Amino acid sequence: MGEHRDHRWLRWPSEPDRARLGYGADYNPEQWPRQVWREDARAMRTAGVNIVSLAIFSWARIQPGEDEWDFAWLDEVMDLMHENGIAVDLATATASPPPWLTTRYPEVLPVDHDGHRLWPGGRQHWRPTSPVFRRHALRLTRELAQRYGPHPALTAWHVSNELGCHNVHDYSDDAASAFRTWLRTRYGSLDALNQAWATAFWSQHYSDWAQILPPRLAPTYPNPTQQLDFRRFSSDALKDHLRAERDLLVELTPDIPVTTNFMVTGDSNGMDYADWAGEVDFVANDHYLAPGPQGYDELSFSANLTANLAGGRPWFLMEHSTSAVNWRPVNLPKRPGQMIRDSLTHVAHGADAVCFFQWRQSAAGAEKYHSAMVPHAGEDSDVFRAVTGLGAALRTLAPVAGTTRGRARAAIVFDWESWWVAELDSSPTDRLRYRQEALDWYTAFLDLGLRADVVPLTAPLEDYDLLVAPILHVVPRPLADRLRAYVAAGGHLVTTYFSGTVDENNHVWLGGYPGAIRDLLGIRVQEFAPLADDQSVALDNGTTGTLWTERIELTDSATEVLARYTGGDLAGHPALTRRVVGDGSAAYVSTRLGSAGLATVLAALAEPAGVRSELPEDLRGRVELTVRGPFRFLISRTDPLVDVTAPESFAPVGVVGGEFDRDQAGSGGTPVLQLRGVTVMRVPAEDPVPR
Ligand code: GAL
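First, a word on what this report is: a plain description of the structure on this page. Here the structure is a predicted model, which means the values were calculated and not measured. (Residues numbered from 1 in each chain as written. Predicted model: local features only at pLDDT ≥ 70, side-chain atom pairs only at ≥ 80, totals over all residues. Heavy atoms only, no water.)

For the rest of this paragraph, the subject is the site of the ligand. Residues in close proximity to the ligand include F57, R123, N161, E162, D286, Y288, E319, W327, F357, E367 and H370, which together make up its full environment. Within the side chain of H370, a nitrogen or oxygen atom sits 2.7 Å from an oxygen atom of the ligand. Broken down by class, the residue content of the shell around the ligand amounts to four nonpolar, two polar and five charged. (Near = heavy atom within 4 Å. Polar contact = N/O pair within 3.5 Å; in protein donor to acceptor, adjacent residues only side chain to side chain. Nonpolar A, V, L, I, M, F, W, Y, C, P; charged D, E, K, R; others polar.)

Printed below as a string of C-alpha cells:
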C-alpha cells in the first residue's frame, strides 16, 4: 500500500467538524418503487442513520446493456441522501455481473474443482482472473467514479462486495494460466517449484510450466504444496482485483477513501486478510453472529481480530444483522437487548461505524427472510424501536469516535496459512479445527476476566507479555527465529499440538516435532497420537484432553512438566510443559482441552507473565472489558444479559500504556451510557498511548 493510502477515514459531509460514529446499512432502493425512497429518507433520520452503502448489486440497473447507461435513478438517490444529511459509501457495483454480460461473455463464469461451470442466477458468478470480467468491471468503476466523484454525499468507495464470498476458488483455464504466472513469480524456475512441491513423490515432476494446473478434482489427494500455493494464489487473485479497482478510484478521486468489506466471521477463510489489510484506506468488516454457546465470544474474537488487522485504528462494521439471517439451517431472531449488545461489542473493539445488511427488508428475492433495520412489519415494530434506540446510543457515544483501542498485555496469534494447512486433507486427523482452538483460548481468557488481543503475525508480537499461538502449524525459519527472540527478551509464549510442524513449503521439519521450535520448548515428540471421536484422556490437573495427544520427551533440564496424562498409553507422560528461558518462557499444550480446560491452564500461565484481570472478581467471566482511549466498555456475555453496573470497587489495573490514576478510578469512573447488558464509562485518564 502506498504511503498516501494511510489513515484516510471518512469525511462527514454535513457537520464535518463533529466526531461521530457512523450508523446505517446497505441501502437497495432499486428493489422499491420511487415513492418509498422519501419514506426511507424520513425513517433513516428517525433512526439516526448517517451513512448508507449504495449500489452494491446495481450493475444491471446502472448498465442495462453493454453500451447503455442509466444513472438517473442513482443521481436522484444520491441527492436525496445528501438533502437528508446522509453520507454515501458508494459501491463500485461490480459484485454481480448482469445477464447481458454473462450471456455475451460466458467465459467470465467461474468453474468449480470438478470442472463444472457455475451459472448465473445467484450472485458473484465471475472469475477473479478473467481479463474480460476485469475490463467490464473497471469500465463500470470508471463511469461511477467520474460521475459521482464530485457528489457532495460521497464519503467513501466500497469496492465490489465481500470479495471471495462465493468465488474465491476458481479452477477455470483463466485461473490455470494466472496460477502459472503467479508460480513463475514465486519460484523463478521449474526446478525450484519441483523442489518446493516435492514432485518426486507420486511421479509428479513437471518439465514444462504448461503442465501445471490448479488442484482440480483428482482420483486422490492433490499435492499438498500445490493446494497451499493455490490458496495463496486465490487470495492474491482477489486482492489483485481489489487493487485494480482501488488504483482506478485513487487516480480519479484521490480524496475519497477506499474500502471493501472483509469477512472476518465464522469459518470464512479464503482470503488472507492479514495480507489484504494494507490495501484499503480503512478496514471494513461484515460479521454475522454464530448460533450456540460461544456466539458472543466469537463475535468479540472477530471484532478483536478485525481491530488488529486495522492496526488498532478505527474500523468500520459494514454489515451485521438486526435479527435473524436467512442462510443458516435454522435462523434464530435476536433476543431483546441483544442487537444493541452485539453492535456495541464491535464499537468496544474499535468500530467507528455500525451498519447492517440491510436498510429495508426485501419483499422478494433470496434474502426476503433476512432481518433489516425496517422489517416487513414496518416502523411499528420492536426491531425498528431497537434500531432507533441504537441510533440514540451511538449519538451518546460520539466522543468515542476516533479513540484508539487499548492494547491488552496478552495476545492470541491468528495465522491464515496455519489455518489452511492444518486443515488440509491427508493429515493425522480431519477433525482438527484451527479457528475453534483459537476461539477456545479466547473464551478461556474471557472466563478468567482477562483481556487478550487477537492478532495476525504482522502485528507487533514483541509488545505482548503473553503470546498464545494455538496450532501455529506453518513455521518458516524466520518465524521460529522471531519466537526465539521473543522468549529470549522475556516474553512468555504458549503453543499447542501440531505447531511448528512444517515450513513455508509445507515440508515437515525433521528430527522430531514440533520441529521448528522444539529447542525453544525443550521437548521432542516422535509421533502424533490423535484420538478417535469417542476417546478422551484425563490429565492430573483435572482437565480432559480430546482430539489429539502426543508422547512428549523432555530435552532440556529447564523444561518443567505442568501436567501429566493419567490414563491410556500415555499415563505418566507429560501433557503440558514449560521451559523457562531467563525472564521468559515457552509452554506447550499437547492435547485439545476445550475452553474450560484451557482456563485452568491459562490461570497458571498468565500469572508468571504478569497478566492479571482488570475486573472486580464478581464481574469476571460474566462481563467482557474493553478499552478505547479513556473509555471502558463492560459488556454482558450471558443470556439473558446481565445489567452491568460498574461497582464502586472498579479499579482497572495494568491498562497497557495507560496513565491510569488508580485513586480517582477507585470511585468508579463516570458512566457515559448504561443500557441492558452494556455499560460504557469514561475514566479520569488521558487517552492511553499504546506501546
Ligand atoms: C453478506 C452480503 C450481503 C447479504 C448478507 C446477508 O454476505 O454481503 O449482501 O447477502 O450477507 O447476511
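On we go.
Take the pattern of salt bridges next. Where charged atoms of side chains with opposite charge meet at close range, the side chains can pair. Throughout the structure, instances matching the rule amount to 45 salt bridges. R612 is the salt-bridge partner of E607, the closest N and O atoms lying 3.7 Å from each other. Several salt bridges share partner residues, and in doing so they unite R186, D229, R232 and E417 into one network. (Salt bridge = Lys/Arg side-chain N within 4 Å of Asp/Glu carboxyl O.)

Before going further, it helps to spend a moment on the sheet that holds strand 10 (residues 410–414). Taken in spatial order, the seven strands of this open sheet run 11-10-12-13-20-19-18, and their pairing is mixed. At either margin of the open sheet sits one strand with a lone partner, and together these are strand 11 (452–456) and strand 18 (559–564). Along the sheet, successive strands turn relative to each other by an average axial angle of 20 degrees, direction set aside. Judged from the five bridges that link them, strand 18 and strand 19 (residues 574–581) form a sheet pairing that is antiparallel. The partner of R564 across the bridge, within strand 19, is P574. Contacting strand 10 and strand 11, helix 10 (residues 295–309) crosses the sheet at an angle of about 55 degrees to strand 11. Where helix 15 (residues 477–488) meets the sheet, its contacts fall on strand 12 (466–469), strand 13 (492–496), strand 19 and strand 20 (584–589), and the angle it forms with strand 13 comes to roughly 135 degrees. (Pairing = 2+ DSSP bridges. Helix = DSSP H or I, 4+ residues; strand = E, 2+ residues; numbered from the N terminus. Axes fitted to C-alpha atoms, helices over the stretch in contact; angles between N-to-C directions. Contact = heavy atoms within 4.5 Å.)

We now examine the packing of aromatic side chains. Enumeration according to the criterion identifies 34 aromatic pairs in this entry. Arranged with centres 4.3 Å apart and planes meeting at 10 degrees, the rings of W126 and F133 form a pair that is stacked. Each member of the pair, W126 as well as F133, is classed as buried. Consider the rings of F282 and F316, whose centres lie 5.7 Å apart with planes at 35 degrees: the pair is tilted. Taken together, the residues F282 in the loop between helix 9 (273–276) and strand 7 (284–286) and F316 in strand 8 (residues 315–319) connect sequence positions 34 residues apart. In this pair, the class of F282 matches that of F316, namely buried. (Phe/Tyr/Trp six-rings, centres within 6.5 Å; stacked < 30°, edge-to-face > 60°. Buried < 20%, exposed > 50% of the residue type's maximum accessible area, 1.4 Å probe, protein only.)

Here helix 6 (residues 173–187) contains 15 residues, and its C-alpha end-to-end distance of 21 Å stays within 8% of the 21 Å for a straight helix at 1.5 Å per residue. Of the residues making up helix 6, those classed as buried are A175, A176, F179, R180, W182, L183 and Y187. Against helix 7 (190–196) and helix 8 (224–252) lie the buried residues of helix 6. The backbone nitrogen of D174 has a side-chain oxygen 3.4 Å away, supplied by the residue at the start of helix 6, namely S172. With its phi angle positive at about 75 degrees, G188 sits one or two positions after the end of helix 6. (Expected span 1.5 Å × (residues − 1).)

With that out of the way, let us pick up a nonpolar patch on the surface. Taken together, the side chains of F201, W202 and Y221 present a nonpolar region at the surface, about 370 Å² in accessible area. Within the fold, W202 resides in the loop between helix 7 and helix 8. Residue classification places W202 among the partly exposed residues on the basis of a relative accessible area of 49%. (Patch = residues over 30% accessible without salt bridge, like charges linked within 9 Å, V, L, I, M, F, W, Y side chains within 5 Å. Areas by Shrake-Rupley, 256 points an atom, 1.4 Å probe, with all protein chains shown as cover.)

So, about unusual backbone geometry. Working note: non-glycine residues mostly have negative phi, and peptide bonds are mostly trans. Put simply, Y513 and P514 share a cis peptide bond, and its omega is -20 degrees. By the element assignment, P514 lies in the loop between strand 13 and helix 16 (518–521). That bond from D639 to P640 is cis: its omega, -5 degrees, falls within 30 degrees of zero. With respect to the helices and strands, P640 occurs in the loop between strand 22 (631–636) and helix 18 (662–665). Although it is not a glycine, Q124 adopts a positive phi angle of roughly 55 degrees. As for its placement among the helices and strands, Q124 is situated in the loop between helix 4 (99–104) and helix 5 (131–148). Even without being glycine, S160 reaches a positive phi, approximately 50 degrees. Along the polypeptide, S160 turns up in the loop between strand 4 (154–158) and helix 6.

Before going further, it helps to examine the pairing of strand 3 (residues 87–91). Burial analysis of strand 3 places five of its five residues in the buried class, the great majority of the element. Burial of strand 3 is two-sided: the residues A87, D89 and A91 facing one way and the residues V88 and L90 facing the other way are all buried. In this structure, strand 2 (residues 51–54) lies alongside strand 3, joined through four bridges in parallel fashion. Bridge pairing in strand 3 places V52 opposite V88. Direction of pairing for strand 3 relative to strand 4: parallel, over a ladder of four bridges. By the bridge assignment for strand 4, V88 is matched with L154.

So, on to the sheet that holds strand 4. One open sheet holds the nine strands; their spatial order is 5-4-3-2-1-9-8-7-6, and the pairing between them is parallel. A strand with exactly one partner marks an edge of an open sheet, and here the two such strands are strand 5 (258–259) and strand 6 (261–262). Looking at chain direction, strand 1 (residues 22–27) and strand 9 (residues 351–356) are connected through four bridges and run parallel. Note on strand 9: the bridge partner recorded for A25 is F356. Its contacts with the sheet put helix 11 (residues 338–348) on strand 8 and strand 9, and the angle it makes with strand 9 is roughly 145 degrees. Where helix 12 (residues 382–396) meets the sheet, it contacts strand 1 and strand 9, and its direction lies at approximately 140 degrees from that of strand 1.

Keep in mind these numbers describe shape, not what the thing actually does.
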